[in-house]
Amino acid sequence: MKVIEQSVVQEKINQLANQAVYVHLETTNGAYASHFDEKAYNVGAFIRNAQVTYQHGKIVSTGGSYRVGLKLELGWVYAEGVTDYEIDDLGRLLLAGHDREGRLMVALEISKSPFSHEAELHE
Amino acid sequence: MSKQHVVVIFPHPDDESFGASGTISKFRAEGIPVTYLCGTLGEMGRNMGNPVFANRETLSSFRKKELTEAAKQLDIDVELLGYRDKTLEFEPREEVADYLQQKIEALQASLVITHYPGYAVHPDHDALGAAVVAAVEKIDRESRPEIWMHAISNQHEDDLGKPDIIFDIAPYWEQKLAAISAHLSQADGMMSLIEIHDKKHEQTERLKMERFYKWTFS
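Residues numbered from 1 in each chain as written. Chains lettered and ligands numbered in written order. Predicted model: local features only at pLDDT ≥ 70, side-chain atom pairs only at ≥ 80, totals over all residues. Heavy atoms only, no water.

An unreviewed UniProt entry lists chain B under the name Bacillithiol biosynthesis deacetylase BshB2, from Halobacillus shinanisalinarum. Quoted verbatim from the Cofactor (unreviewed entry) field of the UniProt record, the comment on chain B reads "Zn(2+)". (UniProt positions renumbered as here; feature names shortened; annotations may be inferred.)

In the nomenclature of an unreviewed UniProt entry, chain A is known as YojF family protein of Halobacillus shinanisalinarum.

S.K.: Quick question: what am I supposed to make of the nonpolar core here?
M.R.: Generally speaking, a soluble globular protein has its nonpolar side chains buried in company with each other. Residue and element names in this part refer to chain B. Ile 9, Leu 100, Ile 104 and Val 132 are the most contacted members of the largest nonpolar core, which has 29 residues in total. Where this core is concerned, the elements lending two or more residues are strand E1 (6-10), strand E3 (77-83), helix H3 (93-106), helix H4 (123-137) and strand E5 (146-150). Looking at which element gives the most residues to this core, the answer is H4, with eight residues. Grouped together as the second largest cluster of nonpolar side chains are 27 residues, Phe 27, Cys 38, Ile 169 and Leu 177 included. (Core = buried A, V, L, I, M, F, W, Y, C linked by side-chain atoms within 4.5 Å. Buried < 20%, exposed > 50% of the residue type's maximum accessible area, 1.4 Å probe, protein only. Helix = DSSP H or I, 4+ residues; strand = E, 2+ residues; numbered from the N terminus.)

S.K.: Hey, could you run me through H4(B) in this one?
M.R.: A turn of α-helix holds 3.6 residues, and therefore any two residues three or four places apart point the same way. An ideal rise of 1.5 Å per residue puts 21 Å on 15 residues; H4(B) measures up with 21 Å between its terminal C-alpha atoms. Burial within H4(B) is extensive, with 13 of its 15 residues counted as buried. (Expected span 1.5 Å × (residues − 1).)

S.K.: Which parts of the structure should I look at to understand the confidence of the model for chain B?
M.R.: When pLDDT drops low, the exact placement of atoms in the prediction is not to be read closely. Of the residues in chain B, 92% have a pLDDT of 70 or more, and the chain-wide mean is 92. We note a pTM of 0.92 for the whole complex and an ipTM of 0.89 for its interfaces. (pLDDT = per-residue confidence, 0-100.)

S.K.: Please clarify how the sheet that holds strand E5 (residues 66-72) of chain A should be interpreted in this entry.
M.R.: Strands pair in a sheet through their backbones, by hydrogen bonds, and they do so in one of two ways: parallel or antiparallel. Residue and element names in this part refer to chain A. Sheet architecture is open: three strands sit in the order E4-E5-E6, paired in antiparallel fashion. Single-partner strands in this sheet number two, and they are strand E4 (54-61) and strand E6 (76-82). Neighbour-to-neighbour, the strand axes of this sheet turn through a mean angle of 10°, independent of strand direction. Lying over the sheet, helix H1 (residues 6-15) contacts E4 and E5, oriented at roughly 170° with respect to E4. (Pairing = 2+ DSSP bridges. Axes fitted to C-alpha atoms, helices over the stretch in contact; angles between N-to-C directions. Contact = heavy atoms within 4.5 Å.)

S.K.: Would you mind going over the sheet that holds strand E2 (residues 34-40) of chain B with me for this structure?
M.R.: Residues and elements named next belong to chain B. Read from one edge of the open sheet, seven strands run E3-E2-E1-E4-E5-E7-E6, paired in mixed fashion. The open sheet is flanked by E3 and strand E6 (165-168), the only strands paired with a single partner. Between one strand axis and the next, the sheet turns by 25° as a mean value, whatever way the strands run. Summarising the sheet, E1 and E2 pair through five bridges and their orientation is parallel. Bridge pairing links Ile 9 to Leu 37 in E2. The strands that helix H1 (residues 15-29) touches are E1, E2, strand E4 (111-115), E5, E6 and strand E7 (209-214); relative to E7, the one it contacts most, it runs at about 90°. Of the strands in this sheet, E1, E2, E3 and E4 touch H3, which is tilted by about 165° from E3.

S.K.: Help me understand the packing of aromatic side chains in this model?
M.R.: Any pair of aromatic rings gets described here by the distance separating the centres and the angle formed by the planes. All names here are of chain B. For the structure shown, the criterion picks out 11 aromatic pairs over all chains. Between Tyr 83 and Tyr 99 the ring centres are 6.0 Å apart and the planes differ by 70°, which places this aromatic pair in the edge-to-face class. Taken together, the residues span a long stretch of sequence, with Tyr 83 in strand E3 and Tyr 99 in helix H3 at a distance of 16 residues. Relative accessible area serves as the criterion here: at 23%, Tyr 99 is assigned to the partly exposed category. A ring pair is formed by Trp 148 and Phe 212, whose centres lie 5.8 Å apart and whose planes are at 40°; its orientation type is tilted. (Phe/Tyr/Trp six-rings, centres within 6.5 Å; stacked < 30°, edge-to-face > 60°.)

S.K.: Looking at this structure, how should I read the side chain of A:Asp88?
M.R.: Looking at where A:Asp88 falls in the secondary structure, it is placed in the loop between strand E7 (84-87) and strand E8 (93-98). A polar contact of 2.9 Å, which involves the side chain of A:Asp88, links it to the backbone nitrogen of A:Leu90. (Polar contact = N/O pair within 3.5 Å; in protein donor to acceptor, adjacent residues only side chain to side chain.)

S.K.: Explain the pattern of salt bridges here, please?
M.R.: Side chains that carry opposite charge are capable of pairing whenever their charged atoms lie near each other. Residues and elements named next belong to chain B. Scanning the entire structure with this criterion turns up 17 salt bridges over all chains. When the shortest N-O distance is used, the salt bridge between Glu 69 and Lys 72 registers 3.6 Å. Here Lys 72 and Glu 69 lie together in helix H2 (residues 59-74), a separation of three residues that amounts to about one turn. Residue Lys 72 is classed as exposed on the basis of its relative accessible area of 62%. A salt bridge links Lys 138 to Glu 94, with the nearest nitrogen and oxygen atoms 2.8 Å apart. Separated by 44 residues along the polypeptide, Lys 138 in the loop between H4 and E5 and Glu 94 in helix H3 bring together distant segments of the chain. Here Lys 138 falls in the partly exposed class, since its relative accessible area comes to 31%. Here Glu 94 falls in the partly exposed class, since its relative accessible area comes to 47%. (Salt bridge = Lys/Arg side-chain N within 4 Å of Asp/Glu carboxyl O.)

Below, the structure is given as structure tokens:
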């Protein structure tokens with residue numbers, strides 16, 4: 001992944017609009033958060049292969065990281081804190097935010113075909 | 001049990017290295033075969049390498065390769081159970097137990113090493129440990145393998161008391177380090193702790209002693 005180039009990501013978001021796409025949306029502070037710090041809470045959410053069609057989407061800079069919102073006919077998909085992006089060889093838009101140690105904090109991914117993990121594709 | 005075969009059952013590539021690689025090395029040094037049944041590919045891990053080299057979609061490939069390398073370092077066989085990281089607790093317990101029973105019987109395990117359900121912090125650890133208990137319980141008493149369990153929650157000794165088995169794995173420290181190092185995407189934080197701090201550091205000390213509770217069927 002590389003540091004987000006806002007115009008490149010915006011262009012890819014535009015390309016994927018108005019068609020059925022699959023979304024992976026995830027945020028987590030890890031399964032060990034309250035193990036290492038008893039004052040911390042374990043929180044996380046993830047949805048994989050939700051099929052949506054968004055009318056338009058926008059990436060907004062917050063200085064250092066980005067927010068991305070996709071407007072659906074009846075709702076929204078939204079992610080905050082994304083810093084890095086990749087358009088992979090399957091044409092999928094992968095967005096992620098990492099902490100200082102390189103751990104994933106948030107991910108938003110959009111694909112024309114359902115997501116399967118790379119290791120499965122090679123089997 | 002006439003023939004010995006140790007079967008290690010944990011959900012994530014690297015659980016075997018952090019939790020039991022010294023013990024595994026001890027068994028291997030005694031010529032006892034060890035098979036690791038690895039529940040998932042750790043595809044939902046948060047560690048992406050430091051600096052970041054994996055993404056959510058490629059992480060599974062890295063972790064699969066890392067597991068193969070760790071297995072080579074530890075001289076053990078690996079079988080993948082094919083579940084999804086962070087979803088094991090949502091699988092039907094009975095189905096997982098049936099699958100594990102079949103694997104445990106096929107390998108003729110004399111000893112199974114897994115996590116202590118309820119004291120293993122990560123929901124995948126707890127769920128797989130519980131499924132192992134259910135699986136072994138289905139096996140006839142006379143052919144049941146022993147179960148050793150790894151408890152890691154902060155307060156586990158309050159409930160469980162002292163572990164039944166404590167191995168000082170210092171003689172196998174090099175193997176353990178090599179196995180942990182093989183898990184490049186996950187191990188970075190732990191390795192820098194080991195390198196930065198001297199040998200008295202708590203984390204390092206904890207890694208040098210491997211502790212297990214024996215499960216007793218009522």
